[in-house]
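# Chain and residue survey
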Amino acid sequence: MKIQARVNIRKAAVYSVIINGLQILAMIALGAYILIDGINEHLHGLLGDMIVITLCAVVCWGAAVDIKEAWIAMKMTVKLHGLDETVTQMTEMNHTLRAQRHDFLNHLQVVFSLIEMEEYQEANDYIEQVYGDIQNVSRSLKTACAPVNALLRAKIAEAEERKIRVELTVSAAWEELPLPAWEMCRVLSNLMDNAMDALDGQKDACLFITLQEDVKGFSFEIKNNGPAIPENMLSSIFEPGISGKGEGRGMGLYIARRTMQSVGGDLTVQSSEAFTAFSGYVPRPRPLPEKTA
């Protein structure tokens, strides 16, 4: 899915220079008019009022265009940030796969040497260790969406570093998502980060990630066995500025839900003493009707 809004940086810069220049000239003209009007009161009348109104209109128009360009630039910056995160995750996964391919021959040579020396138990232990390393990567390569695979790989590795067990269940290819893959990754990344933050310091911490799909659409669940979300926060958790992480936070869940709703889906939450689960769903895009001759 192509990004709809595009910003021509050069065009925006030219507009900014011209419009702000007009604003400066308008203000100079207004000041000059006021001075002249103070000296020659007879100039005050309909013509003067029209000049003032015109100058005010120019200033307001310039401000409106500036705001529009700034708003588009801000939205584009958010999208570029999401794309940058996705590219970084895919690059990390690519490096891991290349390293595994490079090491594969070395592993075979070690196993072959151990078997030749009849060190069968050592060979068995070595194979189990290598197999475990490969499984850690391959278990996140279950969808047909490369950015999602890269994100899963990165988050599984992060969870292991934070002593959090991950249970990943994927029963979906996740092809033809109705929104850009990087936007879906931003939603999943935010939910997984929140879940891992909630699990920090918890005994037997576990993160459950489930990706599914059916004929109607795509769904996921990000669940953790950490503490429950306070009841007074649960009903408003998707509102902007609501966060348990301190002042200046609380936009992630708001943006995540708006992203899902922008394509006809939704994001919901359930929380109890046993677990907290965020469930998301987006419908499949409807095929365009065939044109009849």
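For every chain, the first residue of the written sequence is number 1, and numbering continues from 1 onward in sequence order. It should be noted that, the model being predicted, local features are given only for residues of pLDDT at least 70 and side-chain atom pairs only at 80 or more, the latter also being counted only at that level, while totals for whole chains, interfaces and linings use all residues. Only heavy atoms go into the side-chain values, all of them from the structure, while hydrogens and water stay out.

## Quick look at the overall build of the chain
We count it as follows: In this description a helix means any DSSP run of H or I spanning at least four residues, a strand means any run of E spanning at least two, and both kinds are numbered starting from the N terminus. Three exposure classes are used, based on accessible area relative to the maximum for each residue type with a 1.4 Å probe and protein chains only: buried under 20%, partly exposed in between, and exposed over 50%. Note on contacts: a residue pair is in contact if any heavy atoms of the two residues lie within 4.5 Å.
A count of helical and extended segments in the chain gives seven helices and five strands. The secondary structure elements of the chain, listed N-terminal to C-terminal, are α-α-α-α-β-α-β-β-α-α-β-β. Across the 293 residues in the chain, those meeting the buried criterion constitute 30%. Residue pairs at least 24 apart in sequence account for 68% of intrachain contacts in the chain once pairs closer than 6 positions are excluded.

## Focus: the sheet that holds strand S1 (residues 165-171)
Just so we agree on the cut-off: Any two strands with at least two DSSP bridges between them are considered paired. Axis lines are fitted through C-alpha atoms, for helices just across the contact stretch, and the angle between N-to-C directions can take any value from 0 to 180 degrees.
One open sheet accounts for five strands, arranged S1-S2-S3-S5-S4; its pairing is mixed. In this open sheet, the two edge strands, each paired with only one partner strand, are S1 and strand S4 (266-271). Each adjacent strand pair in this sheet contributes to an overall mean axis angle of 10°, direction not counted. Two elements, S1 and strand S2 (residues 206-213), share seven bridges in a ladder whose sense is parallel. Paired with Val170 across the bridge in S2 is Leu211. This element, helix H4 (residues 146-161), spans S1 and S2 of the sheet and lies at about 160° to S1. Of the strands in this sheet, strand S3 (217-224), S4 and strand S5 (276-283) touch helix H7 (residues 252-261), which is tilted by about 135° from S4.

## As for the environment of Asp125
Among the structural elements, Asp125 can be located in helix H3 (residues 120-138). Sequence spacing of Asp125 and Val111 is 14 residues, and the spatial spacing of their C-alpha atoms is 9.9 Å.

## Structural notes on the packing of aromatic side chains
Note the cut-off: Geometry of aromatic contacts follows a simple scheme: Phe, Tyr and Trp rings, the Trp one being its six-membered ring, pair when their centres are within 6.5 Å, and the pair is stacked under 30 degrees between planes, edge-to-face over 60, tilted otherwise.
By the definition in use, this model includes three aromatic pairs. The interplanar angle of 80° and the centroid separation of 6.5 Å between the aromatic rings of Trp174 and Phe218 together place this pair among those described as edge-to-face. Taken as a pair, Trp174 in the loop between S1 and helix H5 (181-199) and Phe218 in strand S3 lie far apart in primary sequence, 44 residues in all. Seen in terms of ring centroids, Phe238 and Phe278 are 6.1 Å apart; in terms of plane orientation they differ by 85°. Their pairing is edge-to-face.

## Structural notes on the pattern of salt bridges
Under the convention used in this document: Salt bridge, as used here, is a side-chain nitrogen of Lys or Arg placed within 4 Å of a carboxyl oxygen of Asp or Glu.
Applying the stated criterion across every chain, the model contains eight salt bridges. Among the salt bridges present, the one from Lys155 reaches Glu158, with a minimum N-O distance of 3.4 Å. Of this pair, Lys155 and Glu158 both sit in helix H4, three residues apart, which is roughly one turn of the helix. By relative accessible area, which is 24% here, Glu158 ends up partly exposed. Close ionic contact of Asp266 with Arg257 constitutes a salt bridge, the shortest N to O distance being 3.1 Å.

## As for the pairing of S2
Inclusion rule: The handedness rule is simple: strands pointing away from the viewer, and a clockwise path from the first strand over the helix to the second, make the crossover right-handed.
Between S1 and its parallel partner S2, the chain crosses via H5, and the hand of that crossover is left-handed. Bridge count for S2 against S3 is seven bridges, and the pairing is antiparallel. Note on S3: the bridge partner recorded for Phe208 is Lys223. Where S2 hands over to S3, the hairpin turn is made up of three residues, counted between the paired strands.

## Details of the nonpolar core
Defined as follows: By nonpolar core we mean a set of buried residues, namely Ala, Val, Leu, Ile, Met, Phe, Trp, Tyr and Cys, connected to one another through side-chain atoms within 4.5 Å.
Core analysis: the largest hydrophobic core is formed by 41 residues, its most contacted members being Trp174, Leu207, Ile209, Phe220, Ile222 and Phe278. When residues of this core are traced back to their parent elements, those giving at least two are H4, S1, H5, S2, S3, H7, S4 and S5. Broken down by element, the residue count for this core peaks at nine residues, all from H5.

## Topic: H7
An α-helical segment advances 3.6 residues per turn. Residues three or four places apart therefore align on the same side. The condition is simple: Arc definition: it is the arc formed by the directions from the helix axis to the C-beta atoms.
All buried positions along H7 are accounted for by Leu253, Ala256, Thr259 and Met260. Along the axis of H7, the buried positions cluster into a sector of 125°, meaning they face one direction only. Close packing links the buried residues of H7 with H5, S3, S4 and S5.

## Considerations on the packing of H5 against H7
Any two packed helices are characterised by how steeply their axes cross, that is the angle between the axes, and by the distance between the axes. Convention followed: Left-handed describes a crossing whose near helix is turned anticlockwise from the far helix by less than a right angle; the clockwise case is right-handed. Only Asp, Glu, Lys and Arg are considered charged, only Ala, Val, Leu, Ile, Met, Phe, Trp, Tyr, Cys and Pro nonpolar, and every remaining residue, Gly among them, polar.
Where H5 contacts H7, the axes come no closer than 10 Å and their chain directions differ by 145°. In this structure, H5 crosses over H7, and the sense of that crossing is left-handed. For the pair H5 and H7, the contacting residues are Glu183, Arg186, Val187, Asn190, Leu191 and Asn194 in the first and Gly252, Leu253, Ile255, Ala256, Thr259 and Met260 in the second. Class assignment for the residues of the contact of H5 with H7 results in six nonpolar, four polar and two charged.

## Section: H4
So the rule is basically this: Expected helix span is taken as 1.5 Å per residue step, with the number of steps being one fewer than the number of residues.
With 16 residues, H4 ought to run about 22 Å at 1.5 Å a step, and its terminal C-alpha atoms sit 23 Å apart, in line with that. Within the span of H4, buried status applies to Pro147, Val148, Asn149, Ala150, Leu151, Leu152, Arg153, Ala154, Lys155, Ile156 and Ala159.

## Some points on the environment of Trp61
With respect to the element layout, Trp61 can be found in helix H2 (residues 46-116). Taking C-alpha positions, Trp61 is 8.6 Å from Ile19, a pair spaced 42 residues apart along the chain. Among all residues touching Trp61, those that are not within four sequence positions of it are Ile19 and Leu22.

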